[in-house]
Amino acid sequence: MGWISCDWHFWCSFWPPQNVAAGAWARGEGNTFVALSYKIEGDPQTLGTPEFDTTGYTSLLVERGLGPRLTFGLDAGIGDDGGGTAIAYLSRTVGPDDGPHRFALHAGGGTMRRGDTSELLAYVGASWGRGLDTRWGSGWAAADPMLYYMTQTGDVVVKTDVTVGISPSDKTKVFVQLQAGQYPDADAYLRIVPSMSYNIGEGRDLEVGTPMGLVGGNDVGLKLGAWLSF
């Protein structure tokens with residue numbers, strides 16, 4: 001679910017910036033991160049025809065550091081069709097605090113709405129991340145596999161996000177994310193989301209991205225978001 005800056009003796013430029021989701025790094029006690037975004041997508045092959053249609057999705061992520069290794073999070077979203085999820089979780093970093101690699105485990109629960117029905121779900125996940133030093137600036141890489149178990153139907157949703165990014169300047173971050181997964185009774189999907197964020201003030205960033213379907217759909221879209229760190 002993301003990355004945060006370092007607070008130890010290793011060179012901080014190897015670490016992802018603070019104003020993104022925590023993922024494999026602890027948020028840090030007393031620190032809060034809020035991200036709000038809206039994504040709209042449609043099939044480019046039907047653009048300009050009566051069949052062209054778009055779908056939108058609003059997402060909210062809130063994270064709060066509860067201790068040196070523990071982060072509380074709320075990940076919620078709702079589509080224009082009324083479907084969506086709301087998940088509360090705890091994330092705990094595991095493993096040593098020195099070295100380039102970071103690991104965390106996540107667990108929580110919530111609800112998922114599909115069509116006219118809602119059901120409870122259990123969530124577990126893991127994260128790996130490390131900082132990078134590139135010729136274009138400091139950067140990061142991360143992988144976040146996730147599993148959702150629907151407690152009423154027994155259905156399972158699996159998802160994995162892989163992200164690589166760089167910070168070419170103090171204000172700018174450029175990153176690309178591969179999103180893969182499969183929902184019950186649906187084809188597996190693979191999307192790529194190139195994105196960029198720009199800092200407009202202390203703890204405030206704007207994000208723009210272009211989701212593109214590679215497998216299981218070819219929709220192309222636009223994502224606009226805002227981040228707040230305090």
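One structure accompanies this document, and this report is about it. Keep in mind that this is a model prediction, so the values were computed, not measured.

### Some remarks on the nonpolar core
With 15 residues, the main nonpolar core has Leu121, Tyr123, Tyr148 and Met150 as its most contacted residues. Looking at this core, the element that brings in the most residues is strand β7 (residues 137-150), giving four residues. Filtering out sequence-adjacent residues up to four positions away, Leu121 remains in contact with Ile87, Gly109, Gly110, Thr111, Met112, Tyr148, Tyr149, Met150 and Thr151.

### Thoughts on the side chain of Thr32
Within the element layout of this structure, Thr32 appears in strand β1 (residues 32-42). Here Arg64 takes part through its side chain, which lies 2.7 Å from a polar atom of the side chain of Thr32. Discounting chain neighbours no more than four positions away, the residues touching Thr32 are Glu63, Arg64, Leu228, Ser229 and Phe230.

### Let's talk about the pairing of strand β5 (residues 101-114)
Inspection of the sheet shows strand β4 (residues 84-94) paired to β5 by eleven bridges, in the antiparallel sense. Along β5, the bridge assignment pairs Ile87 with Gly110. The hairpin formed by β4 and β5 contains six residues between the paired strands, and Gly95 there has a positive phi angle of roughly 90°. As defined by bridge partners, β5 adjoins strand β6 (residues 117-134) across 14 bridges and the pair is classed as antiparallel. Paired with His106 across the bridge in β6 is Gly125.

Calculation notes
- Residues numbered from 1 in each chain as written.
- Predicted model: local features only at pLDDT ≥ 70, side-chain atom pairs only at ≥ 80, totals over all residues.
- Heavy atoms only, no water.
- Core = buried A, V, L, I, M, F, W, Y, C linked by side-chain atoms within 4.5 Å.
- Buried < 20%, exposed > 50% of the residue type's maximum accessible area, 1.4 Å probe, protein only.
- Helix = DSSP H or I, 4+ residues; strand = E, 2+ residues; numbered from the N terminus.
- Contact = heavy atoms within 4.5 Å.
- Polar contact = N/O pair within 3.5 Å; in protein donor to acceptor, adjacent residues only side chain to side chain.
- Pairing = 2+ DSSP bridges.

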